[in-house]
Amino acid sequence: MNQLEAHGLGVAIGEKTLLHPTDLVLRSGELTVLIGPNGAGKSTLAKALVGLVPAEGQVLVNGVRLAEKPARDRARTIAYLPQGQAHSWPLDVENVVGLGRYPHGQTQTDETVERVLTDLGLLELRHRAVTTLSGGEQMRVSLARALAVDADFLVADEPLASLDPHHQFAILDRLQAVTQAEGSSPTGILVVIHDLRLATRYADRIWLLHEGRLVADGHPEKVLTSDHVQRVFDVATTDETVERGGSTIKVALPAAISS
């Protein structure tokens, strides 16, 4: 089992701390969801994990510092989908997704690209210029490119933005399937989303971030308590039963703005 560990991971700009020193573990075969209010530091944490912002502490993959790996090895180890990624060049969808194979020394369509195009419902769009697609379609193409890397870990920052409910479920179904794929080392995925009900339904583990601090880390029932949700999101809550893979769990979900 592959394991990505953060030890004392923190980010500051001048005297402003965006992420207080944090210890975290992302495991292969698990879908971890990162939640928190706007400005909590979710994107900062995601970028720090993949080494895209200067940070204190260290990130290890199977005991080896990620920063010490050659660039191509890092790219094969952890794929990253940034928030609100825009496409400026009118490449066709197939070629954009194929860019995900670059860390493996491939530039043409292969079986991985074909599989990802199929899984994300992009076959009919494969020859369309990505710049002609809707925002939701472009997001699916960006996610397809990240999945085409076939990395040990994937960090996706708000991949459900611009997607309708049908495609939100479809994307999370696909990410869940990737973590459960047969093989010696399934992918470990971290996804940033805002919908707590979706987090409850799909997450193996939830990280709850508030004001740059990790408030809770664990199974949805442990994290989505009335105390946590009311304090972090400043909302009243109601206890609800949510279906998860044929079973149900009880969590506290937002009901209204606190008075």
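Structural notes, computed from the coordinates. By convention here, each chain's residues receive numbers from 1 onward along its written sequence. Per-residue local features are limited, in this predicted model, to residues with pLDDT of at least 70; the limit for side-chain atom pairs, both in listing and counting, is 80 or more; totals at the level of whole chains, interfaces and linings are taken over all residues. As a convention, hydrogens and water are excluded, and side-chain values are obtained from all of the structure's heavy atoms.

Here we look at the sheet that holds strand β2 (residues 16–27)
- When DSSP locates at least two bridges between a pair of strands, those strands are taken to pair. Segments assigned H or I by DSSP are reported as helices when at least four residues long, segments assigned E as strands when at least two residues long, and all are numbered from the N terminus. The 4 strands are arranged β2-β1-β4-β5 in an open sheet whose pairing can be described as antiparallel. The open sheet has two edge strands, β2 and β5 (64–65), and neither has a second partner.
- Of the strand pairs in this sheet, strand β1 (residues 3–13) and strand β4 (residues 56–61) are connected by 5 bridges, and their pairing is antiparallel. The residue bridging His 7 from the neighbouring strand is Gln 58, located in β4.
- Contacts are residue-level and defined by heavy atoms, with any inter-residue pair within 4.5 Å sufficient. Every axis corresponds to a line fitted to the C-alpha atoms, with the helix fit spanning only the stretch in contact, and the corresponding angles, defined between N-to-C directions, vary from 0 to 180 degrees. Strands β1, β2 and β4 of the sheet are contacted by helix α1 (residues 42–49), whose axis makes an angle of about 125 degrees with β1.

What to know about the nonpolar core
- Nonpolar cores were defined as sets of buried Ala, Val, Leu, Ile, Met, Phe, Trp, Tyr and Cys residues, with membership established by side-chain atoms within 4.5 Å. When a residue's accessible area, from a 1.4 Å probe over protein chains only, is under 20% of the maximum for its type it is buried; when over 50% it is exposed; and in between it is partly exposed. By size, the foremost hydrophobic cluster in this structure holds 53 residues, and its most contacted members are Val 97, Leu 175 and Leu 224.
- The dominant element in this core, judged by the number of residues it contributes, is helix α5 (residues 135–148), at 7 residues.
- Apart from the residues within four sequence positions on either side, Val 97 is in contact with Val 113, Val 116, Leu 117, Val 141, Ala 144, Arg 145 and Ala 148.
- Counting 24 residues, the second-largest nonpolar core is a separate cluster that includes Ala 46, Val 61, Leu 66 and Leu 190.

Side note on the sheet that holds strand β6 (residues 78–81)
- In spatial order, the strands read β6-β7-β8-β3-β9-β10; together these 6 strands make up an open sheet with mixed pairing. Strands at the two margins of the open sheet, each flanked by one partner only, are β6 and β10 (213–218). On average, each strand axis in the sheet is inclined to that of its neighbour by 15 degrees, with strand direction left out of account.
- Two elements, strand β7 (residues 153–157) and strand β8 (residues 188–192), share 5 bridges in a ladder whose sense is parallel. Note on β8: the bridge partner recorded for Phe 153 is Gly 188.
- Most of the contacts of α5 go to β6, to which it runs at about 170 degrees, and overall it touches β6 and β7.
- Against the sheet, helix α9 (residues 226–233) makes contact with β9 (205–210) and β10, and its axis sits at roughly 35 degrees relative to β9, the strand it touches most.

Some points on the pairing of strand β11 (residues 235–244)
- For β11 and strand β12 (residues 247–257), the ladder comprises 10 bridges, and the chain directions are antiparallel. Following the sheet pairing, Ala 236 is matched in β12 by Ala 256.

Concerning the packing of aromatic side chains
- Note on ring pairs: Phe, Tyr and Trp rings are taken, using the six-membered ring of Trp, and paired if centres are within 6.5 Å. Classes follow the plane angle, with under 30 degrees stacked, over 60 edge-to-face and the rest tilted. Counting across every chain of the model gives 0 aromatic pairs.
- Remark: a charge is flagged as sitting over a ring if the NZ atom of Lys or the CZ atom of Arg is within 6 Å of the ring centre and within 35 degrees of the ring normal. The ring centre of Tyr 102 lies 5.2 Å from the NZ or CZ of Arg 72, which sits over that ring.

Notes on the side chain of Lys 42
- Within the fold, Lys 42 resides in helix α1.
- By the counting scheme adopted, Arg and Lys are positive, Glu and Asp are negative, and His together with the chain ends is not counted. The term salt bridge refers to a pairing of a side-chain nitrogen on Lys or Arg with a carboxyl oxygen on Asp or Glu at a separation within 4 Å. Of the side chains with opposite charge, Glu 158 comes closest to the buried, unpaired Lys 42, at an N-O distance of 5.5 Å.
- A polar contact is formed between the side chain of Lys 42 and the backbone oxygen of Pro 37, at a distance of 2.9 Å.
- Leave out the neighbours within four places in its chain, and Lys 42 touches Leu 34, Ile 35, Gly 36, Pro 37, Val 192, His 194 and Leu 209. Think of a polar contact as two N or O atoms within 3.5 Å of one another; within protein, one of them needs to be a possible hydrogen donor and the other a possible acceptor, and neighboring residues in sequence only count if both atoms come from side chains.

Concerning the pattern of salt bridges
- One pass over the structure, following the stated rule, counts 9 salt bridges.
- Arg 126 is paired through a salt bridge with Glu 94; the nearest N and O atoms lie 2.7 Å apart. Separated by 32 residues along the polypeptide, Arg 126 in the loop between α4 (111–119) and α5 and Glu 94 in helix α3 (residues 93–98) bring together distant segments of the chain.
- Its relative accessible area of 15% is what places Arg 126 among the buried residues.
- One salt bridge connects Arg 101 with Asp 110, and the closest N-O pair in it is separated by 2.9 Å.
- When salt bridges with common partners are traced through the structure, they connect Glu 30, Arg 205 and Asp 217 into a single cluster.

Regarding α5
- The terminal C-alpha atoms of α5, which comprises 14 residues, lie 20 Å apart, in line with the 20 Å expected from a rise of 1.5 Å per residue.
- For α5, the tally of buried residues reaches 11 of 14 residues, placing the bulk of the element in the interior.
- Taken together, the buried positions of α5 are occupied by Gly 136, Gln 138, Met 139, Arg 140, Val 141, Ser 142, Leu 143, Ala 144, Ala 146, Leu 147 and Ala 148.
- Those residues of α5 that are buried are in contact with β6, α3, α4, β7 and α6 (165–179).
- Where α5 ends, the next residue or the one after it, Asp 150, has phi of about 55 degrees, a positive value. Expected span, for any helix, means 1.5 Å times one less than how many residues it has.

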